[in-house]
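# Tertiary structure, described
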Amino acid sequence: MSLTKNANVLKWIDEMVALTKPDKVVWIDGSKEQLDQLRKEAISTGEMIELNQEKLPGCLYHRTLPNDVARVEDRTFICTSKKEDAGPINNWCAPDEMKAKLLPMYDGVMKGRTMYVIPYSMGPIGSPLAKVGVEVTDSIYVVLNMSIMTRMGKAAFENLGDVSNDFVRGLHSKADVDPEKRYIVHFPEENTIWSINSAYGGNVLLGKKCFALRIASYQGKNEGWMAEHMLILGLKKPNGEVKYITAAFPSACGKTNLAMLIPPEGYKKKGYEIFTVGDDIAWMKPGKDGRLYAINPENGFFGVAPGTNDKSNHNALASARKNTIFTNVAINNDDNTVWWEKLDKNPPVNATEWKGAKVNGPEYIAAGNNLAHPNSRFTAPAENCPCISPEFNNPEGVPISAIIFGGRRAKTTPLVYQSFSWAHGTFIGSAVSSETTAAATGAVGVLRHDPMAMKPFCGYHMADYWGHWLEMGEKLGDKAPKIFNVNWFKQDDEGNFIWPGYGDNMRVLDWIIERCEGKADAVETPIGYVPTKTSINTEGIEDEVTPKVMDELLAVDKDLWKEEVAGLREFYKQFGDRLPKAISDELNGLEKRLG
Ligand code: SAT
Ligand code: MN
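Being a predicted model, the structure only gives us computed values, none of them experimental.

### Some remarks on the coordination of the manganese ion (ligand 2)
- In this structure, Lys209 (NZ), His229 (NE2) and Asp280 (OD) serve as the protein donors to the manganese ion (ligand 2), at separations of 1.9 to 2.2 Å.
- All donor residues of the manganese ion (ligand 2) come from one chain, and their arrangement in sequence is K-x19-H-x50-D. Taken together, the residues span a long stretch of sequence, with Lys209 in helix α8 (residues 207-223) and Asp280 in the loop between β15 (273-278) and β16 (282-286) at a distance of 71 residues. We note that Lys209, like Asp280, is buried.

### Remarks on helix α1 (residues 7-20)
- Over its 14 residues, α1 extends 20 Å from the first C-alpha to the last, a length consistent with the 20 Å expected when each residue adds 1.5 Å.
- All of the buried residues along α1 are Val9, Trp12, Ile13, Met16, Leu19 and Thr20. Within α1, the buried residues cover an arc of 125 degrees as seen down the axis, which keeps them to one side. The exposed set on the far side of α1, more than 90 degrees from its buried face, consists of Ala7, Lys11, Asp14 and Ala18.

### Brief notes about the pattern of salt bridges
- One pass over the structure, following the stated rule, counts 33 salt bridges.
- Between Glu241 and Lys237 there is a salt bridge; the shortest N-O distance is 3.3 Å.
- Exposure remark for Glu241: the relative accessible area of 34% places this residue in the partly exposed category.
- Assessed through its relative accessible area of 9%, Lys237 is described here as buried.

### Observations concerning the nonpolar core
- Within the largest apolar cluster, 129 residues are counted, with the highest numbers of intra-cluster contacts made by Trp283, Ile403, Trp466, Trp469 and Tyr572.
- Shared between two domains, this core takes at least three residues from each, and those domains are domain 1 (7-48 + 71-224) and domain 2 (228-299 + 389-594).
- Setting aside residues up to four positions removed in sequence, Trp466 forms contacts with Thr426, Ser430, Pro451, Met452, Phe571, Tyr572, Phe575, Leu579, Pro580 and Ile583.
- One finds Val9, Met98, Phe187 and Ile196 within the second-largest nonpolar core, a separate group that totals 30 residues.

### Overview of the pairing of strand β14 (residues 242-248)
- Within β14, six of the seven residues are buried, which leaves it mostly tucked inside the rest of the structure.
- With seven bridges joining them, strand β13 (residues 230-236) and β14 adopt antiparallel strand pairing. Note that in β14 the partner of Lys236 across the bridge is Val242.
- Once β13 ends, the chain turns through five residues before running back antiparallel as β14, passing Gly240 with a positive phi of about 95 degrees.
- Alignment of β14 against strand β25 (residues 398-406), held across five bridges, turns out to be parallel. Each residue of the ladder has a partner; that of Ala247, found in β25, is Ile404.

### Considerations on the sheet that holds strand β24 (residues 377-381)
- Read from one edge to the other, the open sheet built from five strands follows the order β2-β3-β19-β24-β18, with strand pairing classed as mixed. Each edge of the open sheet carries a strand with a single partner, namely β2 (49-50) and β18 (300-304).
- Here three bridges tie strand β3 (residues 60-62) to strand β19 (residues 325-327), and the two strands are oriented parallel to one another. Considered in β19, the bridge of Leu60 is made with Ile325.

### With respect to the pairing of strand β7 (residues 131-137)
- In terms of burial, β7 is largely enclosed, as seven of its seven residues are buried.
- Alternating positions in β7 separate into two faces, Lys131, Gly133, Glu135 and Thr137 on one and Val132, Val134 and Val136 on the other, with burial throughout.
- Where strand β6 (residues 114-122) and β7 come together, seven bridges link them in antiparallel fashion. Its bridge partner lying in β7, Val117 is registered against Val136.
- Pairing of β7 with strand β9 (residues 167-173), which is carried by five bridges, proceeds in the parallel orientation.

### Quick word on the site of ligand 1
- In the vicinity of ligand 1, the residues found are Arg71, Gly202, Lys208, Lys209, Ser251, Phe302, Arg377 and Ala439.
- At 2.8 Å, a side-chain N or O of Arg71 approaches an oxygen atom of ligand 1.
- Ser251 places a polar side-chain atom, nitrogen or oxygen, 2.8 Å from an oxygen atom of ligand 1.
- Protein burial of ligand 1: of its 250 Å² of free accessible surface, 98% is covered by the chains.

### Considerations on the layout of surface pockets
- Empty space within the second largest pocket amounts to approximately 660 Å³.
- As for the second largest pocket, its lining consists of 28 residues, and the residues nearest its centre are Leu35, Arg39, Ser147, Ile148 and Asn323.
- Counting only elements with at least two residues in the lining of the second largest pocket, the list comes to α2 (32-45), α5 (140-149) and β8 (151-152).
- Along the lines of polarity and charge, the residues of the lining of the second largest pocket split into 12 nonpolar, nine polar and seven charged.

### Topic: the packing of aromatic side chains
- All told, the structure shown has 24 aromatic pairs when counted by the stated rule.
- Between Phe77 and Tyr183, the ring centres sit 6.1 Å apart and the planes meet at 40 degrees, which makes this aromatic pair tilted. Taken together, the positions of Phe77 in strand β4 (residues 76-78) and Tyr183 in strand β10 (residues 183-187) put the pair 106 residues apart, joining distant regions of the chain. In this pair, the class of Phe77 matches that of Tyr183, namely buried.
- An aromatic cluster is defined as three or more aromatic residues linked by ring pairs; in this entry it consists of Tyr120, Phe211, Trp225 and Trp283.
- Above the plane of the ring of Tyr267 lies Lys270, whose end atom (NZ or CZ) is 5.3 Å from the centre.

### Details of the sheet that holds strand β21 (residues 337-339)
- An order of β21-β20-β22-β23 is seen for the four strands of this open sheet, with the pairing classed as antiparallel. Only two strands of the sheet have a single partner each, and these edge strands are β21 and β23 (358-359).

### As for empty space enclosed by the protein
- By the definition in use, this model includes three cavities of 30 Å³ or more.
- Its volume calculated, the largest cavity comes out at about 190 Å³.
- As for the largest cavity, its lining consists of 19 residues, and the residues nearest its centre are Tyr417, Ile428, Ala431, Asn485 and Trp561.
- If you list the elements that add at least two residues to the lining of the largest cavity, you get α13 (422-430), β29 (482-486) and α17 (558-573).
- When grouped by side-chain class, the residues that make up the lining of the largest cavity number 10 nonpolar, seven polar and two charged.

### Digging into the packing of α13 against helix α14 (residues 462-476)
- Contact pair α13 / α14: the axes reach a minimum separation of 9 Å and the direction vectors enclose 155 degrees. When the interaxial angle is binned, α13 and α14 end up roughly antiparallel. Two packed elements cross with a definite hand, and for α13 against α14 that hand is right-handed. Between α13, through Trp422, Ala423, Thr426 and Ser430, and α14, the contact on the second element is made entirely by Trp466, Trp469, Leu470, Gly473 and Leu476.

### Describing the domain arrangement of the chain
- Taken domain by domain, the chain comprises domain 1 (7-48 + 71-224), domain 2 (228-299 + 389-594) and domain 3 (301-384).
- Summarising the inter-unit geometry, the C-alpha centres of domain 1 and domain 2 are found 31 Å apart.
- In this complex, domain 1 contributes 38 residues to the contact, which on the side of domain 2 involves 39 residues.
- The contact between domain 1 and domain 2 buries some 3,400 Å² in all, and 55% of this surface belongs to carbon and sulfur atoms.
- Among the residues domain 1 hides against domain 2, the three largest losses belong to Arg71, Ile89 and Leu129. Together they make up 21% of the total.

Quick notes on the rules
Residues numbered from 1 in each chain as written. Chains lettered and ligands numbered in written order. Predicted model: local features only at pLDDT ≥ 70, side-chain atom pairs only at ≥ 80, totals over all residues. Heavy atoms only, no water. Donors = N, O, S within 2.8 Å, 3.2 Å for Na, K, Ca; no water. Helix = DSSP H or I, 4+ residues; strand = E, 2+ residues; numbered from the N terminus. Buried < 20%, exposed > 50% of the residue type's maximum accessible area, 1.4 Å probe, protein only. Expected span 1.5 Å × (residues − 1). Arc of directions from axis to C-beta. Salt bridge = Lys/Arg side-chain N within 4 Å of Asp/Glu carboxyl O. Core = buried A, V, L, I, M, F, W, Y, C linked by side-chain atoms within 4.5 Å. Domains from an automatic or database assignment. Contact = heavy atoms within 4.5 Å. Pairing = 2+ DSSP bridges. Near = heavy atom within 4 Å. Polar contact = N/O pair within 3.5 Å; in protein donor to acceptor, adjacent residues only side chain to side chain. Areas by Shrake-Rupley, 256 points an atom, 1.4 Å probe, with all protein chains shown as cover. 1 Å grid on protein atoms, 1.4 Å probe; cavity = no way out; pocket = protein on both sides within 12 Å on 5 of 7 lines; lining within 4 Å. Points joined across faces, edges and corners; volume = space filled by probe spheres on them. Nonpolar A, V, L, I, M, F, W, Y, C, P; charged D, E, K, R; others polar. Phe/Tyr/Trp six-rings, centres within 6.5 Å; stacked < 30°, edge-to-face > 60°. Lys NZ or Arg CZ within 6 Å of the ring centre and 35° of its normal. Axes fitted to C-alpha atoms, helices over the stretch in contact; angles between N-to-C directions. Parallel < 35°, antiparallel > 145°, perpendicular 65-115°, else oblique. Left-handed = near helix turned anticlockwise from the far one by under 90°. Buried area = accessible area lost by both parts, 1.4 Å probe.

In structure tokens:
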């Protein structure tokens, strides 16, 4: 039975049914009974495995095919009617041509299967910033993940109403999970996403990267708001005031860890606290008072499991102790729980590795294998997070004081620096480079340009996107957040990380907020304002971060930066005359300051 009278939805569902020809159509109302039923069914078919229900209540395990473990950027397309609107760093195909290619693949693809119709809201129901999506899929795994990651079910349709056509249409079929026929396709001009032949994460949970970043960035440009690949956190100061920060880092560079940071002892004692609003995506819009407000459109965390442990992210572990779906981690067969690299020092002897083979964990690892896939994930409800912000469901969002960019850089980029202005900050965002990670298929550890951490996620021309940033800055004027850049990943000549990171990143957040309040000290350098040698608090880590190490962390090496400028000049060339003048002015200004 359909859950809505909205004629636009009903018409589109009819079309999708006629195209994919499922045996059955099930509308997902979001009720506990229905989800329990789907869990049971998925367990009975082997699609999901039930984990130890005493130790991990409500938790399920899922294994994807070894060819289907990450986003596929080379098979992701932005199909705008004009090629130049997709820009030089997106894959483009004419909408008609792409449809002609994919329609035969979708024709009858759900024969013998059930089509699930998933209504969902990105953002709190009723929020002026929220938007509705409908995803049809033949995967229970998708339904169960969407039930964690979004506000899913009947209420989303209530939000849409009976007449609106403002919803994003998502068509997904796992088909044969054939990597040669895998496509993740966006039609921004039609509010439509088509995904086929994958059953993994960002390729199939269409509310996430496909809608909340690629389609939403396009909508944001047209409607005067911003969709960004950013965490959102609240920093509570000893006086009780909470300041909000967003931060954009590429996938698997520590957004979840920063969003859930536990301050070092000295800070805790003084009364500092961190609250999580979001760990991956921020939608931001100027509020009535002229400041920039952010909501997290998601309702859960799709976090990288390996590396997550009690020290790196206690709160993420706590979030994933109940009602969580684990994908491609290892199983400890002794007690039917989960394990991944760096969870602890005791890989299970009696293990099932991520591809499903029974192995001796320590021996398997000693032979150079991973027990869990490096991009294995937990899908955990936000409400499980011990430090979830009291503002998490605030429909108006939270006012942002600072925006941080960052990536993985062994050299060149100091621990932290502040931009001279919004335009300079936009330039810094456009200039972000980072070493690639396992979150996407392809080589790991290769330095590439990843502007605003949006390279894989911007739904239109990247240079126009920078233009939109500049325009937003003009609109916000002196109420605009201050813009910073951080690098937790600086290395010495032996390849060791020289900044402790994790909870100690609080020290950098502290400097950032103090800068916003006009307090902390900085020196003006060619690249921006860098902390003075003593303005980052190192109390408690003096042994590790000696004055000499601090010098290294804050160094601005002019020769390296000249190379950076040359690389950027080359990178910007492809944007031709669509590159905003303010960006090339900033590059020229930097070059001049470097002498
Ligand atoms: O696979 S996802 O795109 O959802 C996660 C990520 O790459 O950030
Ligand atoms: Mn991400």
